[in-house]
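Given next are the chains, with one letter for each unit.
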Amino acid sequence: MNNIAEQLNGAYHNIAENCQKLGRDPASVCLLAVSKTKPVAALLAAYQAGQRQFGENYPQELQAKATEMAALTELEWHFIGPLQSNKTRLVAEHASWVHSIDRLKIAERLSAQRSSALPPLQLLLQINISNEQSKAGIHPDELPALAAAIATLPHVQLRGLMAIPAPDDSERAFALMAQLSKSLQQQHPGATELSMGMSDDWPLALQYGATMIRLGTAIFGARTYERNE
Ligand SMILES: *Cc1c(COP(=O)(O)O)cnc(C)c1O
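Residues numbered from 1 in each chain as written. Predicted model: local features only at pLDDT ≥ 70, side-chain atom pairs only at ≥ 80, totals over all residues. Heavy atoms only, no water.

1. Here's the deal with the overall build of the chain
Helices and strands together make up the secondary structure of the chain, namely nine helices and eight strands. For the C-alpha atoms alone, the extent of the chain along its principal axes is close to 45 × 40 × 30 Å. Residues classed as buried in the chain amount to 51% of the 229 residues present. Once local pairs closer than 6 in sequence are excluded, the contacts in the chain between residues at least 24 apart make up 60%. Surface exposure of the chain reaches about 10,700 Å², of which carbon and sulfur atoms provide 50%. (Helix = DSSP H or I, 4+ residues; strand = E, 2+ residues; numbered from the N terminus. Buried < 20%, exposed > 50% of the residue type's maximum accessible area, 1.4 Å probe, protein only. Contact = heavy atoms within 4.5 Å. Areas by Shrake-Rupley, 256 points an atom, 1.4 Å probe, with all protein chains shown as cover.)

In structure tokens, the structure reads:
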């Protein structure tokens, strides 16, 4: 598991270096350690190396890990996968952030199920930025209406946008996301976050203003299996 600490330190180092070149403050970028399919031991190795923000894709896996690691109170869970109505409660109970909102109904359920004892759940709207038929996310045209509706919900806060561009489309996609983010903030000044960039394309995402980058493979190594829920 030593490897994880090394990869994590390497990632922070690279991010700082890229930020310096871009004239950005490294503190303006949050690195999410995407830990889906990885065992708690791997997350603990990252935690011991200083990592606090983790990204998970499957509601039951999030619940299991958050429960097992509940004593580590500074841990912050980000849910970044597809979310069905019948699983919203698990996410409302365990996550601090959800990056993959693409339907009002899901945001309404999360708001209704979020305990008022917890801080509001922080939401990002997922944009299907490469317009891929098989992919989650809303079309950019749907953004203003969905954002306005979500902004009225009591136990959630609209914080920004997320996208997963098609592999051959990252630069155009990141540029368009930067524009969408700017226009969203004119109506919703608190929606400042831009979650984009993964192990293969994060330096380019940083160039276009990403504030949250989501690294799985670069920290934990290749995933040996993918799940589908
Ligand atoms: C799995 C996943 C990642 C991490 O991908 P890597 O290529 O392993 O860095 C990032 N974002 C989302 C939404 C994911 O599902």
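2. Thoughts on the nonpolar core
Counting 61 residues, the largest nonpolar core has Leu 110 and Ile 150 as its most contacted members. The leading source of residues in this core is helix α2 (residues 40–48), at six residues. The residues contacting Leu 110, other than those within four sequence positions of it, are Leu 83, Thr 88, Val 91, Ala 92, Val 98, Ile 101, Leu 121, Leu 123 and Val 156. (Core = buried A, V, L, I, M, F, W, Y, C linked by side-chain atoms within 4.5 Å.)

3. Here's the deal with the site of the ligand
In the vicinity of the ligand, the contacting residues are Val 34, Lys 36, Asn 57, Ile 80, Ile 164, Met 198, Ser 199, Arg 214, Leu 215, Gly 216, Thr 217 and Arg 223. Gly 216 places a main-chain nitrogen or oxygen 2.8 Å from an oxygen atom of the ligand. A distance of 2.5 Å separates an oxygen atom of the ligand from a polar side-chain atom of Thr 217. In isolation the ligand offers 390 Å² of accessible surface; the protein chains occlude 90% of this area. Grouping the amino acids of the shell around the ligand by side-chain chemistry returns five nonpolar, four polar and three charged. (Near = heavy atom within 4 Å. Polar contact = N/O pair within 3.5 Å; in protein donor to acceptor, adjacent residues only side chain to side chain. Nonpolar A, V, L, I, M, F, W, Y, C, P; charged D, E, K, R; others polar.)

4. Focus: helix α7 (residues 170–187)
In this model α7 runs 26 Å from its N-terminal to its C-terminal C-alpha over 18 residues, within 8% of the 26 Å that 1.5 Å per residue would give. Among all positions of α7, only Ser 170, Ala 173, Phe 174, Met 177, Leu 180, Ser 181 and Leu 184 are buried. Looking straight down α7, one finds that the buried residues subtend no more than 120 degrees of arc, so they occupy a single side. Opposite its buried face, α7 presents the exposed residues Gln 179, Lys 182 and Gln 186, each directed more than 90 degrees away. The elements touched by buried residues of α7 are β5 (121–127), α6 (143–150), β6 (156–163), β7 (193–195) and α8 (202–207). (Expected span 1.5 Å × (residues − 1). Arc of directions from axis to C-beta.)

5. Looking at unusual backbone geometry
A positive phi angle, near 70 degrees, is found at Thr 37, a position not held by glycine. Note on Thr 37: relative accessible area 9%, which makes it buried. Positive phi outside glycine occurs at Asn 131, with the angle close to 55 degrees. Structurally, Asn 131 can be placed in the loop between β5 and α6.

6. Quick look at the pattern of salt bridges
Any two side chains of opposite charge can pair, on the condition that their charged atoms come close. The tally for this structure, following the rule as stated, stands at six salt bridges. In this structure, Glu 61 engages Lys 65 in a salt bridge whose closest nitrogen and oxygen atoms are separated by 2.6 Å. Taken together, the residues Glu 61 and Lys 65, both in helix α3 (residues 59–68) and four residues apart, mark about one turn of the helix. The same class applies to Glu 61 as to Lys 65, namely buried. With its nearest N and O atoms 2.7 Å apart, the salt bridge here joins Asp 169 to Arg 172. When salt bridges that share partners are traced, they join Glu 56, Glu 61 and Lys 65 into one network. (Salt bridge = Lys/Arg side-chain N within 4 Å of Asp/Glu carboxyl O.)

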